[in-house]
Structures are given as structure tokens and as C-alpha cells.
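Summary of structural features
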Amino acid sequence: MNRVERVAALRARVAPWRAAAERVALVPTMGNLHRGHLTLVREARARADRVVVSIFVNPLQFGPSEDLDAYPRTLEEDMRQLEAEGCDLLFTPTSDVVYPRGQDGQTRVEVPGLSDLLCGASRPGHFAGVATVVCKLLNMVQPDVALFGEKDFQQLMVIRCMVEDLDMPVEVVGVPIVREADGLAMSSRNGYLTPTERERAPALYRVLTEAAGALQAGDAVEAVETAARVRLSEAGLRPDYVSIRSAADLSQPCRADDRLVILAAAYLGRARLIDNLQLRRASG
Ligand SMILES: Nc1ncnc2c1ncn2[C@@H]1O[C@H](COP(=O)(O)OP(=O)(O)OP(=O)(O)O)[C@@H](O)[C@H]1O
Ligand SMILES: CC(C)(CO)[C@@H](O)C(=O)[O-]
Ligand code: BAL
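Residues numbered from 1 in each chain as written. Chains lettered and ligands numbered in written order. Predicted model: local features only at pLDDT ≥ 70, side-chain atom pairs only at ≥ 80, totals over all residues.

**Regarding the site of ligand 2**
Heads up, the rule is: Nearness here has a simple definition: the residue's C-beta atom, placed using the backbone, must lie within 6 Å of the molecule or strand. Secondary structure follows DSSP: runs of H or I at least 4 residues long count as helices, runs of E at least 2 residues long count as strands, and numbering of each begins at the N terminus.
If you check the shell around ligand 2, you find P28, T29, M30, N58, Q61, V130, V133, V134, D152 and Q155 and nothing else. For the shell around ligand 2, the elements supplying multiple residues, two or more each, are β2 (24–29) and α6 (126–141). By residue number, the principal contributor to the shell around ligand 2 is α6, which donates three residues.

**Thoughts on the UniProt feature "binding site: (R)-pantoate" (unreviewed entry) in the protein chain**
Our working rule: UniProt positions are given in the numbering used here, feature names are shortened, and annotations may be inferred rather than shown by experiment. Placing a C-beta atom from the backbone of each residue, one calls two residues in contact when those atoms lie within 7 Å. Residues with at least 20 other C-beta atoms within 10 Å of their own are called buried, those with 12 or fewer are called exposed, and the rest are partly exposed. The C-beta atoms themselves are positioned from the backbone.
UniProt records the feature "binding site: (R)-pantoate" (unreviewed entry) for Q61 and Q155 in the present numbering. In summary, the annotated positions, though distributed over 95 residues, converge in three dimensions, the widest C-alpha pair being only 11.4 Å. Of note, Q61 is situated in the loop between β3 (50–55) and α3 (75–85). Every residue in contact with Q61, bar those within four places of it in the chain, is listed here: H126, G129, V130 and V133. When you line up the elements, Q155 lands in helix α7 (residues 153–165). The exposure class assigned to Q155 is buried, which follows from the 23 C-beta atoms found within 10 Å.

**Thoughts on the nonpolar core**
Stated formally: In this description, a nonpolar core means buried residues of the types Ala, Val, Leu, Ile, Met, Phe, Trp, Tyr and Cys, linked to one another by C-beta atoms lying within 7 Å.
Core analysis: the biggest nonpolar cluster contains 74 residues, and L204 and A264 have the highest contact counts within it. A total of nine residues in this core trace back to one element, the largest contributor, which is α6. Setting aside anything within four residues of it in sequence, one finds L204 in contact with L232, L237, A264, A266, L273 and D275.

**With respect to the sheet that holds strand β9 (residues 271–280)**
Strand pairing in a sheet takes place through backbone hydrogen bonds and is either antiparallel or parallel in direction. We apply this condition: At least two DSSP bridges between two strands are needed for those strands to be called paired. Angles here are taken between N-to-C directions and fall from 0 to 180 degrees, while the axes themselves are lines fitted to C-alpha atoms, restricted in helices to the stretch in contact.
The strand order β7-β8-β9 describes an open sheet built from three strands, whose pairing is antiparallel. On the outer flanks of this sheet lie β7 (238–246) and β9, each paired with one strand and no other. Across this sheet, the average inter-strand angle for adjacent strands is 10°, counted without regard to direction. Sheet analysis places strand β8 (residues 259–268) next to β9, joined by 10 bridges and oriented antiparallel. Note on β9: the bridge partner recorded for I262 is L277. Here helix α10 (residues 221–234) sits on the sheet in contact with β7 and β8, set at roughly 155° to β7.

**Concerning unusual backbone geometry**
Phi is positive for N32, which is not a glycine, with a value near 55°. Position of N32 among the secondary structure elements: in the loop between β2 and α2 (35–47).

**Observations regarding the environment of V221**
Note that V221 resides in helix α10. Looking at V221, the number of C-beta atoms within 10 Å reads 19, which means it is partly exposed. The spatial distance from the C-alpha of V221 to the C-alpha of P253 is 8.5 Å, given a sequence separation of 32 residues. Residues within four places of V221 in sequence aside, it is in contact with I244 and P253.

**A few points about the sheet that holds β3**
Taken in spatial order, the six strands of this open sheet run β1-β4-β3-β2-β5-β6, and their pairing is parallel. Each of the sheet's edge strands pairs with one partner strand only, and the pair in question is β1 (2–4) and β6 (171–175). Taken over all neighbouring pairs, the strand axes of this sheet differ in orientation by 25° on average, direction set aside. Where β3 and strand β4 (residues 89–91) come together, three bridges link them in parallel fashion. Across the sheet, S54 pairs through a bridge with F91, a residue of β4. Packing of α6 onto the sheet brings it into contact with β2, β3 and β5 (145–149), and relative to β2 it is tilted by some 150°.

**A look at the packing of helix α9 (residues 203–216) against α10**
This is how it is decided: Put simply, angles under 35 degrees are roughly parallel, angles over 145 are roughly antiparallel, angles from 65 to 115 are roughly perpendicular, and the rest are oblique. Put simply, a crossing is left-handed when the front helix is turned counterclockwise from the back one by less than a right angle, and right-handed when it is turned clockwise. Basically, the charged four are Asp, Glu, Lys and Arg, the nonpolar ten are Ala, Val, Leu, Ile, Met, Phe, Trp, Tyr, Cys and Pro, and anything else, Gly included, counts as polar.
Where α9 contacts α10, the two axes come as close as 10 Å, and the packing angle between them is 155°. On the basis of their axis angle, the class for α9 and α10 is roughly antiparallel. Considering only the axes of α9 and α10, their crossing is right-handed. Facing α9, whose interface residues are A203, L204, V207, E210, A211, A214 and L215, α10 presents V224, A227, A228, R231 and L232. Of the residues that constitute the contact of α9 with α10, the class distribution is 10 nonpolar, no polar and two charged.

**Considering the environment of A84**
By the element assignment, A84 lies in helix α3. Along the chain, A84 and G120 lie 36 residues apart, while their C-alpha atoms are 35 Å from each other.

Take a look at the structure:
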């Protein structure tokens, strides 16, 4: 596996693949890789001839009081894992490479509406930071396909919307959530949890599962959301939001929506955990 830090070097590596009509996949990450990321890489290998992984802790998507400095950086171990997964090329740009004019001088990509809800309401500017860096990474690599995890469900919707609105010639693939044995969605930020908090953390998925059962049994959306928030608090988590939405566009669900998604975010110690569960409801 080769590693490059600059855009010209990246393009020089990708160009011969393109010339040979090979299909190229991109898996954007912020590093500190776990089984969730490696599943994306495996899926990328199944869908393309060449796999490029990027590791970049994007300052533009962090708020001023968030964990940019504390975010775990484990490049040596990440490289070992990527090598074992058969990644062809690792792109590890610095901030200067991605934002040569500085963050304030950077042209931004905004996806209105979708970016303002849920995680976007709690993290103002976050999704503009995500859309901007993903747009740049897609332009740098010019992959045929790019893969993202459904754990970050809203992020995936924002990226799909951006790609459609800007006519970007790339296929966006969502990969199902990879979980620990006790149901906790894998996430780099799980590493912030103390042993006691780690024991409490699976309550997030448990509460989502119970909420899905209640919805399928015919309980009203608002009652299910309220009950889920109470259950999270009882389990020792501080709910940010629990929200039941249409899985098609994250709008408030109407009776006719059969594909729903229950999304939740909750604080636990130093971590802000997110998770979601998609379900089908009988329409009527
Ligand atoms: N458990 C998971 N299952 C599937 N995809 C995942 C999982 N965790 C992360 N991903 C995906 O991996 C990609 C890179 O994510 P990122 O590097 O931010 O990891 P993370 O574990 O989500 O980190 P964080 O704790 O900061 O949210 C994203 O597309 C994300 O949705
Ligand atoms: C997509 C992404 C790599 C953009 O920085 C990040 O938001 C992430 O890791 O989910
Ligand atoms: N995985 C989402 C990236 C973030 O929370 O900034």
C-alpha cells in the first residue's frame, strides 16, 4: 500500500488506473480505524478494482468547543489494518493541503434544510464542513464509487443530496451499521467512554430497538419518541434527540410513509453517541 499526502501525488497514482479503465473506490475516514471502517473497505474492494482510503480529521466540521484536538490519531495502527485489508492507496493530507487558503478562505458547500435538523441543530456548521471536505475529496480522487456508513445516516443523506444537486459523477453507497456484540454501534468516540460508561452505552441501541417494536405495534410517533428519551435518561445517558423520520428524506413521517428511521444522539461522559434504526411500518 502506498501513502501520499499531496493532491498531485494522489492524482499521479490514480491516473494509470483510470487509463487502464479500472474502477476506483474512495472510502473517506477520520482514522482511528475499527471494524466499521474495515467493512467499508471490504465493500469497496467488492465494488471496484482499486481502493483509496483517506484519513483526514477535518477541522471544518468541528465546532469551537468540540473534540478536534482530542480526536484519536493512530496512523501506524491504521496503516497496518489497511494493508491487511488490501487497500491500494492511503491519502493522508494535512490541513494546509486541503485548505491552502485557510479555513476561512475556503469555498463552502452547503446543503440547506437537511443540514439544519437533528445533528445539524446541535452542531451548527457541521454538515457544511462535511459537505465541503467530501466534495473536495471526491474532486481530488475522482472515484467511480464512494462508500459511507449508515451509522452517520444524516451525513449520508447530506452527501447524496450534494452529489445529486451538483451532478457529481460518482455512485454513493451506504453500508449498514457494524455493531459490537452488545449492540453498541462501533465508533471512534466509543474510546472516550470509561468502563462504567461503556457498560451503559448499549442502552442507546436497546432503546431504539424497543421504540421500533412500539411503532410496529401501532404506538403514536410522538409517544414513542418521548418514551425513548425517558428510557435513555433512566439508563444514565443524556438524550440530545430521539426522532422518528421518513427514511427517504428525513421529513416528519406521515401515515403513508412505510420506510422510517429512528435516529438518536445522546451524551455519555465525554462522548456524544449517535445511532439509528431503519424499519418498515405497514402503511395505512
Ligand atoms: N459502526 C459503523 N458501521 C458502519 N460504518 C461506520 C461505522 N462507524 C463509522 N462508520 C463510517 O466510517 C466512515 C468514517 O467515519 P469516522 O472516521 O468518522 O468514524 P467514526 O467511528 O464514525 O468516528 P466518530 O466516532 O468520530 O463518529 C463514515 O462513513 C462512517 O459512517
Ligand atoms: C465523511 C467524513 C470522512 C468527512 O470528514 C467524516 O465526516 C466521517 O468520518 O464520517
Ligand atoms: N463520523 C462523523 C464525523 C463527526 O462526527 O465529525
